[in-house]
Amino acid sequence: MSSWLGGLGSGLGQSLGQVGGSLASLTGQISNFTKDMLMEGTEDVPADSGREENETTHSVLRSENERLKKLYTDLEEKHEASELQIKQQSSSYRSQLQQKEEEINHLKARQTALQDELLRLQSAAESARSASGGAPAANASSSFSYGTSHRVSAFHEDDMDFGDVISSQQEINRLSNEVSRLESELGHWRHVAQTKVQGAQSSDQTEICKLQNIIKELKQNRSQEIDDHQHEMSVLQNAHQQKLTEISRRHREELSDYEERIEELENLLQQGGSGVTVTDHSKVYEMQNTIQILQMEKVESTKKIEDLEHKIKEIHKRLSSAEHDQEVWKKERERLEVERRQMTEQCEHLKLELSEAQQSALRQSDSAMKEEILPHSSSVADVLRLQQALTDAENEIMRLSSLNQDINLAEDNQKLQLCVQTLEKEKSLLSQEKEELQISLSKLSSEYEVIKSTATRDLDLFSQVHDLKHNLEVKEQELNQSIHENEILMAELEELDKQNQEATKHVILIKDQLSKQQSEGDSVIKKLKEELDDEKQRTHQLEDDKMSIIKELNIQKEKLTHSEQALSDLQLIKQKLEDKVEDLVGQLSKSEKNNFDIQKENRELREHIRQSEEGLSTVRSELTQSQTQGSSSNLKDDLLKERDTEVQNLKQNLSEVKQLNEHLEQVAFDLRTENEELLEAYEEVRNQLEESVAGNKQISLEKTDMPEWEKAQLETELCRAEKRVLEEERKYEQTVVKELSGTRSPDTSALQLEQERLIQLNQEKDFEIAELKKSIEQMDTDHKRTKETLSSSLEEQKQLTQLINEKEICIVKLKEKSSELQKELDRCAQTLRKNETLRQTIEEKDRSLGSMKEENNHLQEELERLREQQSRVVPVPEPRTLDNTIELESELSQLHIIKDHLEEEIKHHQKMIEDQNQNKMQLLQSLQEQKKEMDEFKYQHEQMSITHTRLFLEKDEEIKNLQKTIEQIKAQLHEERQDSQTENSDIFQETKVQSLNIENGSEKHDLSKAETEKLVKGIKERELEIKLLNEKNISLTKQIDQLSKDEVGKLTQIIQQKDLEIQALHARISSASYSQDVVYLQQQLHAYAMEREKVMLVLNEKTRENSQLKTEYHKVIDIISAKEAALIKLQDENKKMSTRFESSGQDMFKETIQNLSRIIREKDIEIDALSQKCQTLLTVLQTSGTGSEAGGVNSNQFEELLQERDKLKQQVKKMEEWKQQVMTTVQNMQHESAQLQEELHQLQAQVSVDSDNNSKLQVDYTGLIQSYEQNETKLKNFGQELAQVQHSIGQLCNTKDLLLGKLDIMSPQLSSGSSLTCQSAEPLRASQSSEPHESSQLLQQEVDDLRKSLQEKDATIRTLQENNHRLSDSVAASSEVERREHEQTDSEIKQLKGKQEVLQNLLKEKDLLIKAKSDQLHSSNENLANKVNENELLRQAVTNLKERILILEMDISKLKGENEKIVEASKGKETEYQALQETNMKFSMMLREKEFECHSMREKALAFEQLLKEKEQEKTVTFQQERDQVMLALKQKQMENSTLQNEVQRLRDKESRLNQELQRLRDHLLESEDSHTREALAAEDREAKLRKKVSVLEEKLVSSSNAMENASHQASVQVESLQEQLNMVSKQRDETALQLSVSQEQVKQYALSLANLQMVLEHFQQEEKAMYSAELEKQNHILAEWKKKAENLEGKVLSLQERLDEANAALDSASRLTEQLDLKEEQIEELKKQNELHQEMLGDAQKKLMNLVNSTEGKVDKVLMRNLFIGHFHTPKHQRHEVLRLMGSILGVKREEMEQLFAEGQGGVTRWMTGWLGGGSKSVPNTPLRPNQQSVFNSSFSELFVKFLETESHPSVPPPKLSVHDLKPLDSPGRRKVDTDAAESRAGRRTDVNPFLAPRSAAVPLLNPAGHGPGGPGHLLLKPISDVLPTFTPLPVSPDNSAGVVLKDLLKQ
């Protein structure tokens, strides 16, 4: 609104200012008129005529009033007419607006052209005079700034049409002012240029006339434009007022509608409130109560929901803990598998090395010598240690797995036995709970899937990973579910155990009550047995289910492995793509290098262009010299034409170069896009590799060919242009000569004007040439850049093709490997299935064994019951003792028989058990023996292979050493004739050759450094792994050694005890069937071992893959977490951006679109007006151009038009450059985004580090949980042990009670026997007393019989008493044993109680720790859950915000595109307007110039007519010639006019195209207006919808009020019904109270009767209890005895098993010791053999040396004697005495003898020489002299002697053959020793004869007793040789010391 009001104010201010100006002019005229009249009156009339003056003023005022009235009426008429015209013209203006926009654009283009001309003129003026250039530039800048500021302000004006119209009018005024100002400036600068050219002729009257005419025309135009603008203003004001009234009317109508609606709604609300007040307060109160009740129910329901949520959270926590446990177990298993794999890898590696060594040994066995060398025992020991460690580790792994399986099976059996009786009762409850858990789990899984689906939208790249994770987690949930169900079953089983105990107590009470129903009890027992069988079957079914679950787990693990393989493939692809990116970066660097080459080529082209320009300049200079001074104008024409041709050629070159550049830029851009597409579409590269390679090759060929071809074209075109220039120059020279001869200059003034024009054209073309040169340089740089980009892209593509081919090969290899691995997996799966079937069969057999044992126990219990029943039958005291005794004896015999049977059965069972155990042990022993045999075979094989390899290696070394010795001998033979210096040089040459060879090798290797570095890295990693494995092996071997040392002592003791047992077992194993079973089992074991090795290999590979995939999985999780953090940041930013966009975006876009549409309309109007003016000017031009006089002027004008066209092209080029700059800025922004992405990657790396720390913390946490669980298991074990101890105590107490009861039973039997005897005696006495009178014979017989019977019975009584005594003794012994056991058990119980207290204290502490940690766990889990929920919410929000952002970005992009199009349209229209204005100005200037020229031509024509009349007779011929030339010139100009007309037509075609584009833009604007109208209609539809909604809401209000009334009515009805129900309930309560009282009385009566019955029952129960307690005690005693027997048997079995284990361990250790002893003995034997060999070698060497010494004792060194002799003769004569003295001192001749010899004279000397030489001179070889010796005849004897010693210090005889041990390389010290030894032997051959090598000390022995040790001296001359000759040691002669010093040292010795 503020902008609209500002527009109104500005428009009103302008209009009022114009009106005020007109009024001010009117009032000024009136005041001047009155002043003039008064002055005239004062002048004419005297002062007395005041009245007349008043009358005159009155008349004047009347006349003025009349005139003003007439004006007023005229204005009113005009106003009415203008209103009518406005109505007619408003429609026409709308149509003309579009045309005027085009005209405005033309005028703006013209304005820019004028500004460019101004700048050129200013520069031209500054070149001549530097001071005159300040003001116009300022003007130009100010005008330009004004234009820009006004444009900016035009965009900010607001919605209404009036403000836009005013702004457009202001803009039109401004443009017109600028046009006029620029025209005036143009005239000024032209005037300045003309003044500079003409000098004194600047003040012509013609120019003054021109300027006056221009001023008049401008004033007229200005007045016309002001009138037109005022007219337009009035029209637009009227239109604006109409629109305002319409808008205000609509606004008022809408306000009134809204007010009516508000009033209606208020009325409705008041009605509703009154209706509510009418209802009863009671109903309201009831409703409130019901609401409160509902709220309470809601609170309760929320509490229940919260409880359920807590339960769900607890379930989640349990699930997470189970997952952690599973992960921990997996990690432990992986660690064990990794260790096992490492050991197997080492074993395989060693086996491979052995095989390679064997192969090499077999190859080299033909060429090897028959000599044996010490084996490297250390490597064998290492191999054995590693194998032993491997076997131990495998045994430990197997033992752990078997223990785990046994423990699990035992625990499962115990649990099942406990749960058998109560499973049926609790099965339904468990199934219900399981279903509920499954429902909750399905809900959770559905929620999880929803969350995952939302996450996968954002993370398309990791979709596969998420799917795999999802499958994993689902399966882990199922696992956790099964684990959780097992835990619940355990807890319920414990509860069931408690219930079972309570039930057993209840059953005992019921048995007391139901003593009479034994038969029913037996039936119940049978039923229970049947149920037991059923439960056993169920347990079997459960185990089968367990096996099926295990199979499902295996299948899931296989799926896991497949998913991990897919992950690994993805990561391989990712690494390949990263490599591609790196290669592309390298290719970019190479492309930059190629760019520099292209820049060099461009520089060469520039130099070529400069050379061509220099040639052109030379041609121009020659032309100027050839021509005369009078033909200056013609020369200028020629120069202009040449310049034109040059400019055209340069333009052509420029255009071609530009085309080239554009083409190259397009190519470079295409290549960049192609590279980006390659990077983005890296997944599709696999399928489309071949096609892309072929396409890239073709593109690269085309792109490499194109620049070269274009370069060749440029060069050819430049050559052609040069040729054309030369030809045109020749033609111009010919034409110029002709024209100069034919024509003369008639008018100097016209020539001067043309000269000035030509100078201007020259300057302009110079500017154009400079600009063209600049553009050429720019094009060159662009060309170089494009060439560089092309070359770089080509190299990148080549590298990409190479990489793609390599990666295809890698992919094929990986596919083959994957197929092989899958095959191996299938094999492993088959073997696993077979193993599982075998395990099932073994388990079934174990179950059958258990069932058999249980049946045996039942049979034994039944037998015991039968015995007890028989023993219960107590003999009734009868008078007949014989019957009782017989019955007792029979019963005893039966019992003994039964006992024997039972004992036999027990023994048979024990034998069966022992046989089974023995079979097991025998199988184990046979397995172990087979393993040992296999190990022994392997060990022997390995030893053989190792010894073979060592022998071959040693023989190879011997051969090498022999070859070296041969080479040394050859070298020494060659070196005999040379000196020490040559030998040194040879050694140095050898070293140099070696170094050169090494350097050559390094040069060769430098080529493959990149490959070797990779190999070195791999080798280093392998070495680190090998070191780690070696350390582990060392630690394992140390542990094994420690264990073996501790155990050997124990095992040796145990072995002696176990030998007897083993022999007994061997005796039993001799059966045939057993041996067959053993063979079959051995075969199976062998097969299983082979399969197990294969499975282990596959498992190792899989564990590697699993570890890799886990690491990758962790990396992926870290990346996801980083991206989640980045998403959170983006969410925050998106929220901020969305708030900004929603607030400001839509309003701004609508305002800008409306403003732009209005601006475009206004500019169309202006363009129409300007187009009309242009058409009028064109018609004027055409009419004026038809005449023949204006031909020359038209050509000039068209040339100016062409120049303007070129300027426009230059502006277009500038715009293109600006576009390129914008593109560069966009690219910079992209680079910045790349940097930001790098920062993001860094942040992701930090996040990954944090996630790694979190994972470490989780691992620690899982470790704590494991320790906690281990402690719990230990506690449970302790509890079980306590329960066992208590159970054993109870059994002992029961046995004690049993024994005491037996003793009590035995004592009454004895008393009953004695009472029987006395009772039988009493009746006998009575019979004797009652019959005294019978015969004595009968009495005596009866007495005898009775005595016999008495004796017999006494004997029986005695036997019974003895039996009783024996029983009592055994009972006493057993009681003592039991007391001792009680005491032991008491002590053990005390110890256990102490331990239990300690453990309880520890448990309490650990419980506290566990509680604290569990609390921390719960809190952390809750925090985790909260964070997970927050993350999920944030992810959902991120997805929503991303969708919103995408929508907003699409809208913004569309709106930006529309805005850009509108802005471009407005800019185009502005340029068109400027161009039209400029064309108008040019045409007006052209018209004026033509009028002026017409005047001048007419004057000239008159002058010519006069001249012709005077000179017709004289110069008719000349005029005819001139006419012909003029006709030719006219024809040429007509041709030029035709070409210009063609160009004009082209321009018109362009204008038509532009008009079509304008029409298209107008259509687009109309469409946009239609869309705005549609939006307005949509808004009206929305208003209608809202009104409908308001009406619907009103209806709902009415309906809700009705519903409230109905509800209140219903509530009142319900209250009445409830009151009635209350009355009924109260009646029922009274009735029930009466019934209660009656029933209570009945209850009392029943209670009395019950009490009586209970008393009676208690009597019965007490009696039954007494009976049952006695029976139960007996049964318990029997059970305790059998249990004791079973326990004793079990203890024996366990002890036997322990002894067997110990014996096996002792046997293992003994076998190992024996193996080691055998090894050591073999080694000792080998060493002894080698020692013997060495001693033989030493003896041979000593013998050889002794032979050599003996052979060389009588020989002479001929060479030395010859050298001495020759040296004597080479010395000068005056020094020969010194030589002889030296020789005498060396030979041991005394000084006195030497002096005597010298005294005798020369003959003596010759005699001495002949005697000394003797016959040995024949054998002395001729040694050639050295060259330095030949030259030095005058040197002293001492020097010659020193040289002699140097030559003789070298060895000349080859050394003897030594042992192989002493032969070593050249540089080693052993080799040096060998050389010295050889020298020793050589010196030893010539001991007696050679006096120079004789040793000095006589006590030194011949041979060193230590052999070839290092103790001997280091030189040949220092060796001990003989006991006779003196010696001297040769000293090393340095070059500084002289020969004399050396001789002095020698003489001193």
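Going by the structure above, here's the rest.
A brief structural summary. (Residues numbered from 1 in each chain as written. Predicted model: local features only at pLDDT ≥ 70, side-chain atom pairs only at ≥ 80, totals over all residues. Heavy atoms only, no water.)

### Comments concerning the overall build of the protein chain
Phase 1: Assigned secondary structure in the protein chain consists of 28 helices and zero strands.
Phase 2: Accessible area of the protein chain: about 134000 Å², with a carbon and sulfur share of 56%. (Helix = DSSP H or I, 4+ residues; strand = E, 2+ residues; numbered from the N terminus. Areas by Shrake-Rupley, 256 points an atom, 1.4 Å probe, with all protein chains shown as cover.)

### Remarks on the packing of helix α9 (residues 463-513) against helix α20 (residues 1516-1752)
Phase 1: Between α9 and α20, whose axes approach to 8 Å, the crossing angle comes to 110°. One way to sum up the angle between α9 and α20 is to call them roughly perpendicular. Contact residues: Lys 511, Asp 512 and Gln 513 in α9; Gln 1661, Glu 1664, Lys 1665 and Tyr 1668 in α20.
Phase 2: Considered class by class, the residues forming the contact of α9 with α20 number one nonpolar, two polar and four charged. (Axes fitted to C-alpha atoms, helices over the stretch in contact; angles between N-to-C directions. Parallel < 35°, antiparallel > 145°, perpendicular 65-115°, else oblique. Contact = heavy atoms within 4.5 Å. Nonpolar A, V, L, I, M, F, W, Y, C, P; charged D, E, K, R; others polar.)

### Focus on the pattern of salt bridges
Phase 1: For the structure on display, the rule yields 31 salt bridges.
Phase 2: The residue Arg 174 makes a salt bridge to Glu 171 at a minimum N-O spacing of 3.9 Å. Here Arg 174 pairs with Glu 171, and both are found in helix α4 (residues 161-198), just three residues apart, close to one helical turn. Both residues of the pair, Arg 174 and Glu 171, count as buried.
Phase 3: Among the ionic pairs, Arg 606 bridges to Asp 780, the shortest N-O distance being 3.3 Å. Taken as a pair, Arg 606 in helix α10 (residues 518-626) and Asp 780 in helix α13 (residues 748-872) lie far apart in primary sequence, 174 residues in all.
Phase 4: A cluster of three or more residues bridged by salt bridges with shared partners is formed by Lys 108, Glu 171, Arg 174, Glu 178 and Glu 1470. (Salt bridge = Lys/Arg side-chain N within 4 Å of Asp/Glu carboxyl O. Buried < 20%, exposed > 50% of the residue type's maximum accessible area, 1.4 Å probe, protein only.)

### Regarding a negative patch on the surface
Phase 1: Where like charges cluster on the molecular surface, the negative patch consists of Glu 254, Asp 257, Glu 259, Glu 260, Glu 263, Glu 264, Glu 266, Glu 1580, Asp 1581 and Glu 1583.
Phase 2: Looking at the negative patch, the elements that each hand over two or more residues are α5 (205-278) and α20.
Phase 3: The element contributing the most residues to the negative patch is α5, with seven residues.
Phase 4: Along the polypeptide, Glu 264 turns up in helix α5. (Patch = residues over 30% accessible without salt bridge, like charges linked within 9 Å, V, L, I, M, F, W, Y side chains within 5 Å. Lys, Arg positive; Asp, Glu negative; His and termini not counted. Charge placed at Lys NZ, Arg CZ, Asp CG, Glu CD.)

### Considering the side chain of His 783
Phase 1: Locating His 783 in the fold gives a position in helix α13.
Phase 2: Using a relative accessible area of 6% as the deciding quantity, one classes His 783 as buried.
Phase 3: Not counting residues up to four positions away in its chain, the partners in contact with His 783 are Ile 598, Asn 602, Leu 660, Asn 661 and Leu 664.

### Let's talk about a nonpolar patch on the surface
Phase 1: Residues Met 1215, Trp 1218, Val 1222 and Val 1226 make up a contiguous nonpolar surface patch of about 380 Å² in total accessible area.
Phase 2: The topology assignment puts Met 1215 in helix α18 (residues 1191-1330).
Phase 3: A residue is classified by how much of its surface remains accessible, and Met 1215, at 51% relative accessible area, is exposed.

### Observations regarding the side chain of Gln 1203
Phase 1: Turning to its location among the elements, Gln 1203 is positioned in helix α18.
Phase 2: The buried category is assigned to Gln 1203, whose relative accessible area is 15%.

### Notes on the nonpolar core
One broad trend across soluble globular proteins is that nonpolar side chains are buried collectively.
Phase 1: Residues Leu 1764, Val 1779, Leu 1780, Leu 1782, Met 1783, Ile 1786, Met 1794, Phe 1798, Phe 1837, Phe 1841, Phe 1844 and Leu 1845 constitute the largest nonpolar core, which totals 12 residues.
Phase 2: For this core, the secondary-structure elements that each account for two or more residues are α22 (1776-1787), α23 (1791-1800) and α26 (1837-1848). (Core = buried A, V, L, I, M, F, W, Y, C linked by side-chain atoms within 4.5 Å.)

### Considerations on a positive patch on the surface
Phase 1: A grouping of Lys 1150, Arg 1582, Lys 1585, Lys 1588 and Lys 1589 is seen on the molecular surface, where their side chains present a positively charged patch.
Phase 2: Considering the arrangement of structural elements, one finds Lys 1150 in helix α17 (residues 1072-1185).
Phase 3: Relative accessible area serves as the criterion here: at 45%, Lys 1150 is assigned to the partly exposed category.

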